[in-house]
Amino acid sequence: MKLTVNGKDQDVAATTLAALLAELEYEGRWLATAHNGELVRAAERNDCRLADGDRIEVLSPMQGG
């Protein structure tokens, strides 16, 4: 399946957001995720089904001051 992840086209086998994060080796429940512009909570990632052409954003918190 072809998805856009953080602005880059990717071919993946994953069918859920949780599986995508594992496939792309993202770790941690502290990640923020969005599916086609909608926030997806960590507890909902297993139920978030992906389709060809979806847009996924994965963000991690940054420290600074």
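These figures come from a predicted structure and were not determined experimentally.

## Quick look at the pattern of salt bridges
Thought 1: Enumeration over the complete set of coordinates arrives at 1 salt bridge.
Thought 2: Of the charged contacts in the structure, one is a salt bridge between Asp11 and Lys2, with a shortest N-O distance of 4.0 Å.
Thought 3: Relative accessible area serves as the criterion here: at 40%, Lys2 is assigned to the partly exposed category.

## Regarding the environment of Ser60
Thought 1: Positionally, Ser60 belongs in the segment after strand S5 (55-59).
Thought 2: Along the chain, Ser60 and Gly37 lie 23 residues apart, while their C-alpha atoms are 16 Å from each other.
Thought 3: Not counting residues within four places of it along the chain, the set of residues in contact with Ser60 comprises Trp30 and Leu31.

Criteria and cut-off values
- Residues numbered from 1 in each chain as written.
- Predicted model: local features only at pLDDT ≥ 70, side-chain atom pairs only at ≥ 80, totals over all residues.
- Heavy atoms only, no water.
- Salt bridge = Lys/Arg side-chain N within 4 Å of Asp/Glu carboxyl O.
- Buried < 20%, exposed > 50% of the residue type's maximum accessible area, 1.4 Å probe, protein only.
- Helix = DSSP H or I, 4+ residues; strand = E, 2+ residues; numbered from the N terminus.
- Contact = heavy atoms within 4.5 Å.

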